[in-house]
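What follows is the residue order along each chain.
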Amino acid sequence: MSPIPSEKYVPQSAFMKWMEARLPIWGFLYPTAIAYPTPRNLNYFWTFGGILSFCLVVQIITGIVLAMHYTANVDMAFNSVEHIMRNVNYGWLIRYVHSNGASMFFLAVYIHMFRGLYYGSYKAPREVLWILGVIIFLLMMATAFMGYVLPWGQMSFWGATVIINLVGALPLVGDWITTWLLGGFAVGNPTLNRFFSLHYLLPFMIAGVVILHIWALHVPGNNNPTGVSVKTKQDTLPFHPYITMKDAFALVLFMILFAAFVFYAPNILGHTDNYIKANPLVTPAHIVPEWYLLPFYAILRAVPSKLGGVLLMFGSIGVLFILPWLDTSKVRSGAYRPLFKQFFWIFVVVCLGLGYLGAQPAEGGYVIAARILTTMYFLFFLAVLPLLGLFEKTKPLPNSITESVLGKNGGGGMAGAAASGATAAPESKA
Amino acid sequence: MIKTLRLRALATVLGVALGLGAVGVVHAAGEAEPPIAVDWSFSGPFGRFDRAQLQRGFQVYKESCAACHGMELVAFRNLADPGGPGFTEEQVKVIAADYTIEDGPDDLGDMFERPGEPKDRFPSPFPNENAAAAANGGAVPPDFSVIAKARAGGTDYIYSLMVGYEDEPPAGVDVGDKYYNHYFPGHAIAMAPPLFDEGVEYTDGTPMTVDNYAKDVSAFLMWAAEPKMEERKRIGFQVIIYLILLSALLYFTKRKIWSAIDH
Amino acid sequence: MSATDSTADGAGQEPTRRDFLYVTTGAVAAVGVGAVAWPLIHQMNPDASTKALASVEVDIGAIEPGQSIRVMWRGKPVFIRNRTDEEVEAAKAVPLDDLPDPQTDEERATPDNGNLLIMVGVCTHLGCIPLGEAGEYNGWFCPCHGSHYDTSGRIRKGPAPANLEIPEYTFLTDTTVRIG
């Protein structure tokens, strides 16, 4: 497919002509960030890309500030975080923004991912875009995990212990790699220091992959709620001011939620045990990760074998990498796939259920439930998506984005025409 | 039709799975009783600390808790900080001077003791954790700096623990040489009941009951754990009002810009 | 805004009201950005615990004439020197006109004991620590860039622009001084 090309920047002023001849940065940015043609029918679920960029910037800025006051040493880390909370000017604010910012980041990324899943945004020609997104997600999880260790509370310490010990499940090299990662025989000062270093590094790697992600987005252009590709310029609007203002509005709404957590419930998403200094001699009654990692934790614990649990947990993310080839349907958007739609919502409930189970003790009915939901999780990707494409009878697609928009807004005649004439070619490779 | 059936089957499985989960919850909750919900002056988005209560709570801490529980992250000067108990700078100097601080080394390399100053932090009653454990039958009395944030239930839990002691454990329960408490996980707590009616001499006329002591010290510990709470809520209110205003403006801006566009 | 004009949104009829909305929105957003900037800047200022350590008490009873001690105050050394009578005389003998930063010795020494001198031991040039009883005036000499101070700690020669700083201090007793 060939998307609508962006309008070129033509410098008007003498200064811009002079500048463009030397450093054509505006000539690069204008078609990318200003004139970039965006489908006119994007709904508010498409604002989460901008929200996620905001989250990344907030985490990096507040993180750099916190690193100015934090001490990565097992004897001082806990107290240095409290020093930030008590003594540093606005330290409490910056730290609460950072700790809740991680949760907001994951909330936004999950909405972003489920949106991509529902509207088939991972399908050709956006496979690489999707895979880059999964890589960002993995980097985010690694960053968040290491960041959670830094305050050196009980959950920090025992979370790190449990997760690093997962690696020990690997045959032959497991123990060696575990010791290598720890820099010792248990979580200790070397572990804390390397986690701090990597926690500082990874966000910049995320930023790098985000640039690739946006690049890979701008080649085919945005998907949209109909899944029908952009055909004419009429289907699109320039990114600025239409999408920028819509994104800005959605972002401020998101910030209200963010602020509600930071100012009125700053510890509600955390665990009380993390306000107890790490103690290698006392394991908390229930070790739970942060909420955003709970579904994967539930999958890990659903399997009675150590190696099996680890493989299945990584498999649950690994399966996302091959998702573009698992879904056999020729229709992109879930809006035109009645059966997919139902399975999609079941899948959402399965993920929420796994999240709930991840927070419960691994015993009795919880384990059985986790096994059922884990099975359903994998069935969705490995059985439902490949088979649905073969059997599902999809609804007729509109001929174009413009047509679907006009139809919805009262262009009754055209909508009728679309319905009858909509044996439209399935949108996959056009 | 077949697909609908399959869907229903899936939904049933899901329901059963979640149902099992719910059964598990009930089972796991048999441990300790849920803490008593207290109506704190500082709860809610506009909640503020009650200065007099914090001052009384500090007195309870000092006279009934400090012998075993340190507060190593809180400095005496914090007692005069805005949003806290509201002691004056002069009062803080007097309070601080009551404590003995180990300082040094001096010119000869020896540690020495001096009276506390506002810049000092509350000294810990034990030199290290092992000493604390040895002096308390193996149970280390936790530091109180962030205790109100380090326990599920927060101040409700602390209050409940203070008033939750039972002279005799219920029949069939053996707590050994420990004490029975309704709200402590496992019920057997190493700490003897720390508060008694009339045990701390209030000077402001507040009835000197365990119930009041427990409430006051819980409030004080909440402040110790979250000394910036009042500032946080105040700034938060301003931030949220601002964001609502900005979102309204952006909404109208966006609508204006999109007004001629079908979408 | 030019992009808006070029995309025929039909709002050209009421440019005033529309522009007012846009300008207001932009201004309110700018205020927000400014408000966010302040905590990020202010966090680098000295924190509450640093400010609380801003004074130190020193016992000066044991300093014999010709001896000095150094104490740490706000992370910097403070020189406390019990000067010999010769050093004081030498300092007093200097005409003020010869000084780049004119100050009498009386203005610099402690009020009750003219021999005692309390100064921040940081060169006013670029922050190095001067050496005592050194330099062309037998006062202090900064080895970094060659600033010479006299026995009153006044700059006499070299790149430093000002005399060594005298901190605020008060005598709590005859032998105890609180700096800061």
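The structure presented is a predicted model; accordingly, all values stated were derived computationally and were not measured. (Residues numbered from 1 in each chain as written. Chains lettered and ligands numbered in written order. Predicted model: local features only at pLDDT ≥ 70, side-chain atom pairs only at ≥ 80, totals over all residues. Heavy atoms only, no water.)

J.: Mind showing me how you'd approach the packing of aromatic side chains here?
T.: Given two aromatic rings, one states the distance between the centres and the angle between the planes to describe the pair. Summed over all chains, the structure comprises 55 aromatic pairs over all chains. Seen from their ring centres, F220 of chain B and W223 of chain B are 5.7 Å apart, and the 40° between their planes marks the pair as tilted. Placement of the pair is F220 of chain B and W223 of chain B together in helix α6 (residues 210-225), with a separation of three residues, close to one helical turn. Residue placement shows K246 of chain A over the ring face of Y44 of chain A; its charged tip is 4.9 Å from the ring centre. (Phe/Tyr/Trp six-rings, centres within 6.5 Å; stacked < 30°, edge-to-face > 60°. Helix = DSSP H or I, 4+ residues; strand = E, 2+ residues; numbered from the N terminus. Lys NZ or Arg CZ within 6 Å of the ring centre and 35° of its normal.)

J.: Explain the nonpolar core to me, please; I cannot follow it from the model alone.
T.: Generally speaking, nonpolar side chains in soluble globular proteins are found buried as a group. All names here are of chain A. Among the nonpolar cores identified, the biggest contains 140 residues, and F106, Y377, F380 and F381 are the most heavily contacted of them. Broken down by element, the residue count for this core peaks at 15 residues, all from helix α5 (residues 91-118). Discounting residues that sit within four places of it in the chain, F106 has contacts with F137, M140, M141, A144, W291 and Y292. (Core = buried A, V, L, I, M, F, W, Y, C linked by side-chain atoms within 4.5 Å. Buried < 20%, exposed > 50% of the residue type's maximum accessible area, 1.4 Å probe, protein only. Contact = heavy atoms within 4.5 Å.)

J.: Whenever I open this one, the domain arrangement of chain A confuses me. Can you help?
T.: The accessible area lost on association of the parts is a frequent measure of interface size. All names here are of chain A. Its domain assignment divides chain A into domain 1 (44-225 + 237-287) and domain 2 (293-396). Taken together, the 31 residues of domain 1 in the interface contact 33 residues of domain 2. Contact between domain 1 and domain 2 buries roughly 2700 Å² in total, counting both sides, with carbon and sulfur atoms accounting for 74%. Among the residues of domain 1 in contact with domain 2, Y118, K123 and L166 are the three that bury the most area, contributing 24% of the side total. Linking domain 1 with domain 2 are one salt bridge. D327 is the partner of K123 in a salt bridge, and the nearest nitrogen-oxygen pair spans 3.1 Å. Linking domain 1 with domain 2 are 10 residue pairs in polar contact (both at pLDDT 80 or more), by the criterion used here. Within the residue set of the side of domain 1 that touches domain 2, elements represented by two or more residues are α5, α6 (127-149) and α7 (154-167). No other element matches the eight residues that α6 contributes to the side of domain 1 that touches domain 2. Across the side of domain 1 that touches domain 2, the residue classes break down as 23 nonpolar, five polar and three charged. (Domains from an automatic or database assignment. Buried area = accessible area lost by both parts, 1.4 Å probe. Salt bridge = Lys/Arg side-chain N within 4 Å of Asp/Glu carboxyl O. Polar contact = N/O pair within 3.5 Å; in protein donor to acceptor, adjacent residues only side chain to side chain. Nonpolar A, V, L, I, M, F, W, Y, C, P; charged D, E, K, R; others polar.)

J.: For this particular structure, what's the right way to read the layout of surface pockets?
T.: Leftover empty space is mapped by rolling, across the atoms, a probe with the size of a water molecule. The calculated volume of the second largest pocket comes to roughly 1200 Å³. Forming the walls of the second largest pocket are 43 residues, and the residues nearest its centre are M255 of chain A, Y242 of chain B together with G32, V33 and V36 of chain C. When contributions to the lining of the second largest pocket are tallied by element, the ones reaching two or more residues are α3 (48-67), α5 and α10 (239-264) of chain A, α7 (229-258) of chain B together with α2 (15-42) of chain C. A total of 12 residues in the lining of the second largest pocket trace back to one element, the largest contributor, which is α2 of chain C. The class makeup of the residues in the lining of the second largest pocket is 35 nonpolar, eight polar and no charged. (1 Å grid on protein atoms, 1.4 Å probe; cavity = no way out; pocket = protein on both sides within 12 Å on 5 of 7 lines; lining within 4 Å. Points joined across faces, edges and corners; volume = space filled by probe spheres on them.)

J.: Which parts of the structure should I look at to understand the interface of chain B and chain A?
T.: Contacts between the two partners involve 50 residues from chain B and, on the opposite side, 56 residues from chain A. Counting the surface lost from both chain B and chain A, the interface buries some 4800 Å², and carbon and sulfur atoms represent 72% of this. Taking the shortest distance from any N to any O, the salt bridge between K277 of chain A and E72 of chain B comes out at 3.2 Å. Between chain B and chain A we count 13 residue pairs in polar contact (both at pLDDT 80 or more) in total. Those elements that place two or more of their residues in the side of chain B that touches chain A are α1 (2-28), α6 and α7 of chain B.

J.: Looking at this structure, how should I read empty space enclosed by the protein?
T.: Residue and element names in this part refer to chain A. Under the defined criterion, the tally for this structure stands at four cavities of 30 Å³ or more. Computed from the structure, the largest cavity encloses a volume of approximately 150 Å³. Lining of the largest cavity is provided by 17 residues; of these, F145, Y148, G159, I163 and P289 occupy positions nearest its centre. In terms of residue count, α7 provides more of the lining of the largest cavity than any other element does, six residues in total. Among the residues forming the lining of the largest cavity, the class breakdown is 14 nonpolar, two polar and one charged. Taken as a whole, the second largest cavity spans an internal volume of roughly 50 Å³. Residues of the lining of the second largest cavity, tallied by class, amount to eight nonpolar, one polar and one charged.

J.: What's the story with a negative patch on the surface in this structure? I'm lost.
T.: On the surface, a cluster of negative charge is contributed by E63, D197, E198 and E201 of chain B. Relative to the helices and strands, E63 of chain B is located in helix α2 (residues 51-65). (Patch = residues over 30% accessible without salt bridge, like charges linked within 9 Å, V, L, I, M, F, W, Y side chains within 5 Å. Areas by Shrake-Rupley, 256 points an atom, 1.4 Å probe, with all protein chains shown as cover. Lys, Arg positive; Asp, Glu negative; His and termini not counted. Charge placed at Lys NZ, Arg CZ, Asp CG, Glu CD.)

J.: For this particular structure, what's the right way to read the pattern of salt bridges?
T.: Pairs can form between side chains of opposite charge whenever their charged atoms are close. All names here are of chain B. The tally for this structure, following the rule as stated, stands at 25 salt bridges over all chains. Across the salt bridge formed by E230 and R51, the nearest N and O atoms sit 2.8 Å from each other. Of this pair, E230 sits in helix α7 while R51 sits in helix α2, placing them 179 residues apart in sequence. The structure contains a network of salt bridges with shared partners spanning D103, R114, E117, K119 and D120.

J.: Explanation requested: the packing of α5 of chain A against helix α14 (residues 338-358) of chain A in the structure shown.
T.: Helices that pack against each other are described as a pair by the angle of their axes relative to one another and the distance between those axes. Residues and elements named next belong to chain A. Axis separation between α5 and α14 bottoms out at 11 Å; the angle between their running directions is 155°. Regarding the angle of α5 to α14, the classification is roughly antiparallel. At the point where α5 passes α14, the crossing takes the right-handed sense. For the pair α5 and α14, the contacting residues are F114, L117 and Y118 in the first and F340, K341, F344, W345, F347, V348 and C351 in the second. Class assignment of the residues belonging to the contact of α5 with α14 gives a composition of nine nonpolar, no polar and one charged. (Axes fitted to C-alpha atoms, helices over the stretch in contact; angles between N-to-C directions. Parallel < 35°, antiparallel > 145°, perpendicular 65-115°, else oblique. Left-handed = near helix turned anticlockwise from the far one by under 90°.)

J.: Looking at this structure, I do not really get the confidence of the model for chain A. What am I missing?
T.: Note that predicted coordinates carrying low pLDDT should not be read in detail. Per-residue confidence for chain A gives a mean pLDDT of 92; residues scoring 70 or more make up 94%. Of the regions scoring below 50 in pLDDT, residues 410-430 of chain A engages in 27 contacts with residues more than four places distant in sequence or in other chains. (pLDDT = per-residue confidence, 0-100.)

J.: Mind showing me how you'd approach the interface of chain C and chain B here?
T.: Between chain C and chain B, the contact holds 18 residues from the first and 13 residues from the second. For the pair chain C and chain B, the number of links is zero salt bridges. For the pair chain C and chain B, the interface holds three residue pairs in polar contact (both at pLDDT 80 or more). Counting residues per element, the ones that place at least two in the side of chain C that touches chain B are α2 and α3 (48-52) of chain C. In terms of residue count, the dominant contributor to the side of chain C that touches chain B is α2 of chain C (nine residues). A per-class count over the side of chain C that touches chain B returns nine nonpolar, six polar and three charged.

J.: Is there a simple way to explain the state of the cysteines in this structure?
T.: Disulfides are covalent bonds that link the sulfur atoms of two cysteine residues. Residue and element names in this part refer to chain C. Applying the stated criterion to the full structure yields one disulfide over all chains. Covalently, C128 is tied to C144 through a disulfide, its sulfur atoms 2.1 Å apart. Here the S-S torsion is close to -100°, and the disulfide linking C128 with C144 is therefore left-handed. Of this pair, C128 sits in the loop between β4 (116-120) and β5 (131-134) while C144 sits in the loop between β6 (139-142) and β7 (147-149); the two residues are 16 residues apart in sequence, bridging distant segments of the chain. (Disulfide = S-S within 2.5 Å.)

J.: How should I be thinking about the sheet that holds strand β3 (residues 76-82) of chain C in this particular structure?
T.: Strand pairing in a sheet is mediated by backbone hydrogen bonds. Such pairs are either parallel or antiparallel. All names here are of chain C. Strand order in this open sheet of three strands is β2-β3-β4, and the pairing throughout is antiparallel. Two strands close off the open sheet at either side, each with one partner strand: β2 (67-73) and β4. Strand-to-strand twist of the sheet, defined as the mean angle between neighbouring strand axes without regard to direction, takes the value 20°. Pairing geometry for β2 and β3, over seven bridges, is antiparallel. Across the sheet, the residue bridging to W73 is K76, located in β3. (Pairing = 2+ DSSP bridges.)

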